[in-house]
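Inside the fold
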Amino acid sequence: QRPVHRLLSYPGTVAADLRREEQPAGSAETGSEDRTPKKRFCEVQNERREQAQRTVLIHCPSKISEKRFLKYLSQHGPINNHFFYESFGLYAVVEFHQKESVASLQSVTRTPSLGAEAAIPFRSRYFSLKLKNPSNQTSGQPSVQCSNQSSPASRKLFDLLCCAENVDDQLNTLTKELQLTEENTRLRHLTCSLIEDVAAAYFPDCAIRPFGSSVNSFGKLGCDLDMFLDLDDIGKFSAHKASGNFLMEFQVKNVPSERIASQKILSVIGECLDHFGPGCVGVQKILNARCPLVRFSHQASGFQCDLTTNNRKIGDRLEAQFRLLCRVVGLDAYSPDRFWIALRSSELLYIYGALDSRVRALVFTVRCWARAHSLTSSIPGAWITNFSLTIMVIFFLQRRSPPILPTLDYLKTLADAEDKCIIEGHNCTFVRDLNKIKPSGNTETLELLLKEFFEYFGNFAFNKNSINIRQGKEQNKPESSPLHIQNPFETSLNISKNVSQSQLQKFIDLARESAWILHQEDKGHPSPSGNQPWGLAALLLPSVANGVSLAKKKKPASERIKNLLESIKSGPENSTNTNGKR
Ligand code: CTP
Ligand code: MG
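The rules behind these values
Residues numbered from 1 in each chain as written. Chains lettered and ligands numbered in written order. Predicted model: local features only at pLDDT ≥ 70, side-chain atom pairs only at ≥ 80, totals over all residues. Heavy atoms only, no water. Helix = DSSP H or I, 4+ residues; strand = E, 2+ residues; numbered from the N terminus. Contact = heavy atoms within 4.5 Å. Areas by Shrake-Rupley, 256 points an atom, 1.4 Å probe, with all protein chains shown as cover. Pairing = 2+ DSSP bridges. Axes fitted to C-alpha atoms, helices over the stretch in contact; angles between N-to-C directions. Buried < 20%, exposed > 50% of the residue type's maximum accessible area, 1.4 Å probe, protein only. Donors = N, O, S within 2.8 Å, 3.2 Å for Na, K, Ca; no water. Expected span 1.5 Å × (residues − 1). Salt bridge = Lys/Arg side-chain N within 4 Å of Asp/Glu carboxyl O. Disulfide = S-S within 2.5 Å. Phe/Tyr/Trp six-rings, centres within 6.5 Å; stacked < 30°, edge-to-face > 60°.

1. Considerations on the overall build of the protein chain
Within the protein chain, the regular secondary structure consists of 20 helices and 13 strands. Considering only residue pairs separated by 6 or more positions, the protein chain has 67% of its internal contacts joining residues 24 or more positions apart. Entry remark: accessible area of the protein chain is about 28,300 Å², with carbon and sulfur atoms responsible for 51%.

Structure (structure tokens):
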């Protein structure tokens with residue numbers, strides 16, 4: 001017997017990415033159980049990367065005939081897919097069927113003459129389409145339909161939440177409205193691919209790989225684009241070439257450490273993006289950070305980009321052992337994919353997000369709730385991060401009875417030989433094939449889970465316990481940071497080391513207040529008049545609804561709420577029987 005939550009189909013992009021069989025673009029969701037085997041993370045990423053390499057970005061005149069535009073471009077080869085969007089002008093993303101079409105288009109494209117200014121003649125895949133005779137082409141043109149790249153305004157979201165049927169419906173609506181769309185996902189991979197073209201001027205075999213929320217299935221429209229310059233392929237050579245008596249190595253410059261190498265590489269790529277990169281603005285080189293990075297805005301796509309490079313390689317000793325082992329069993333000496341720890345976390349979150357539709361709904365809701373109350377911020381500081389919140393939700397779902405999500409150690413036991421992955425001595429092994437993981441038998445509603453999430457963390461012994469998704473158990477805190485969340489792979493690290501006691505206290509107070517609101521009967525269900533915020537709307541948008549934020553409202557103190565909650569639960573009409581309630 002399969003639990004009811006497995007019957008929900010995956011919405012939007014995640015659905016498209018998870019399905020093994022290609023479906024026509026824009027095909028409607030069926031709402032029925034998806035029985036097709038699910039794709040692995042690396043399959044999805046490789047497909048998206050290849051797709052982006054056949055894709056171009058075109059700045060268009062504001063009025064354009066879609067039909068003529070497509071006819072003009074089809075001279076270079078068949079087009080698989082296209083869409084338009086607005087961002088300080090009209091842009092088109094066009095995916096050709098073949099890569100050659102891009103070269104063909106580039107061959108007929110000229111570098112503009114800019115009058116008094118001079119152009120840097122960089123031939124990218126970001127074009128500008130001009131009308132030869134603007135006056136007679138633009139008149140009477142209907143405007144093209146644009147795909148939306150930003151999240152809905154708070155007011156619209158608030159109204160949608162108030163119109164929902166129940167709290168579960170609210171959480172699913174929120175997820176649907178905030179998640180990355182198919183078009184936004186394409187645009188993210190295209191942006192990486194365009195940056196890769198710039199980096200390839202120095203490192204022809206490099207790859208720019210997105211990681212973090214752009215690919216882990218928890219990305220919200222407008223989230224930053226984390227990218228990673230992968231130079232690893234450059235050192236790659238086949239077993240065939242390595243055979244014989246000799247071994248050829250490149251003469252290279254040596255620097256004292258991997259970190260200095262990263263700084264030097266990022267410094268020149270940063271310069272390149274700043275000076276030659278079309279559409280790259282506000283380039284900042286943040287090279288002295290723990291993890292050196294280049295931050296910039298990609299103006300045409302509107303993404304805030306953080307570019308890092310690989311400073312984490314498979315340790316040399318391990319690599320040597322691995323190579324030896326491969327030689328003994330007669331395999332190609334180099335593993336086709338080497339994963340870095342952040343990329344592994346992205347993959348792990350992707351797997352957790354794909355296992356049960358309640359996971360993403362709850363993560364989106366908690367992230368959105370935290371943002372609404374300024375628990376998170378786009379500026380780095382002493383606040384909790386989205387990544388930490390996601391791990392907290394995963395941990396909470398591992399603690400349910402029966403568990404909704406398996407522990408990381410369990411995912412490791414399902415791994416086979418080819419899933420094995422050790423990075424710098426850290427065991428990053430877990431099963432990659434989603435189809436091997438059995439669905440949970442837990443049928444709790446999202447309403448109950450949200451309520452219990454707030455209660456669980458409202459009462460969590462943060463002073464002595466650490467959150468650990470590897471074992472799915474509370475552990476004694478190994479150090480005194482206010483909030484301790486073990487890094488799933490680098491187990492000696494705390495991913496929330498930055499969080500201050502006061503920020504943690506704010507989180508606890510808000511969690512208790514939110515549990516309290518959800519427990520109040522009149523706030524938990526649609527109001528009869530239809531215009532009172534209820535359920536998630538009451539939690540999420542108090543500033544819209546009341547003009548004051550939840551934390552600032554005059555309410556019983558945190559401790560009193562905790563006691564009130566306890567008295568409700570132990571009272572005759574206790575709400576612990578809400579299991580399965582709609
Ligand atoms: N990461 C990590 N340890 C941290 C912070 C980040 O391993 N202490 C990794 C995670 O894989 C994370 C990625 O770096 O997903 C990107 O970090 P960040 O941009 O902060 O988080 P996102 O998950 O991308 O979320 P957001 O939507 O806030 O950008
Ligand atoms: Mg990010």
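From this point, things continue past the structure.
2. Comments concerning the sheet that holds strand β9 (residues 303–309)
Taken together, the five strands give an open sheet; going across it, the order is β5-β6-β9-β8-β7, and neighbouring strands pair in mixed fashion. With one partner strand each, in any of the chains shown, β5 (207–211) and β7 (280–286) form the two edges of the open sheet. Taken over all neighbouring pairs, the strand axes of this sheet differ in orientation by 25° on average, direction set aside. Judged from the five bridges that link them, strand β8 (residues 293–298) and β9 form a sheet pairing that is antiparallel. From the neighbouring strand, R295 faces β9, where its bridge partner is D306.

3. Focus: unusual backbone geometry
Of the consecutive residues S401 and P402, the connecting peptide bond is found in the cis state with omega at -5°. In this structure, P402 sits in the loop between α14 (386–398) and α15 (408–413). Backbone geometry at S217 places phi at a positive 80°, although glycine is not the residue there. Among the secondary structure elements, S217 is positioned in the loop between β5 and β6 (225–230). Given the relative accessible area of 11%, S217 is considered buried. Positive phi, normally seen in glycine, also occurs at S374, with a value near 55°.

4. Points about the coordination of the magnesium ion (ligand 2)
With distances of 2.1 to 2.2 Å, the protein atoms coordinating the magnesium ion (ligand 2) are D224 (OD) and D226 (OD). Exposure remark for D224: the relative accessible area of 28% places this residue in the partly exposed category.

5. Structural notes on helix α12 (residues 341–355)
Because each turn of an α-helix spans 3.6 residues, side chains separated by three or four positions end up pointing in the same direction. Compared with an ideal rise of 1.5 Å per residue, which puts 15 residues at 21 Å, α12 spans 21 Å between its outermost C-alpha atoms and is within 8% of the ideal. With respect to burial, α12 is a largely interior element, 14 of its 15 residues being buried.

6. Regarding the pattern of salt bridges
The full count for this structure, using the stated rule, is 22 salt bridges. For R295, the salt bridge is made with D306, and the minimal N-O distance between the two is 2.7 Å. On the criterion of sequence distance, the pair formed by R295 in strand β8 and D306 in strand β9 is long-range, its members being 11 residues apart. Close ionic contact of R400 with E452 constitutes a salt bridge, the shortest N to O distance being 3.3 Å. Pair noted here: R400 is in the loop between α14 and α15 and E452 is in helix α16 (residues 446–458), with a separation of 52 residues, a long-range link. Taken together, the shared-partner salt bridges in this structure form one network comprising R48, E50, R54, E95, E182 and R186.

7. Details of the state of the cysteines
In total, this model carries zero disulfides according to the counting rule given. Here C146 stays free of any disulfide, with the sulfur of C60 as its closest cysteine sulfur at 9.4 Å. Residue C146 is classed as partly exposed on the basis of its relative accessible area of 31%. You can see C223 has no disulfide; the closest cysteine sulfur is in C305, sitting 11 Å from it.

8. Overview of the packing of aromatic side chains
Scanning the entire structure with this criterion turns up 23 aromatic pairs. On the basis of an interplanar angle of 90° and a centroid distance of 5.6 Å, the ring pair of F396 and F453 is categorised as edge-to-face. Within this pair, whereas F396 is found in helix α14, its partner F453 is found in helix α16, the two being separated by 57 residues in sequence. Each member of the pair F396 and F453 is classed as buried. Taken together, a centroid distance of 4.8 Å and an interplanar angle of 55° make the contact between F460 and F462 tilted.

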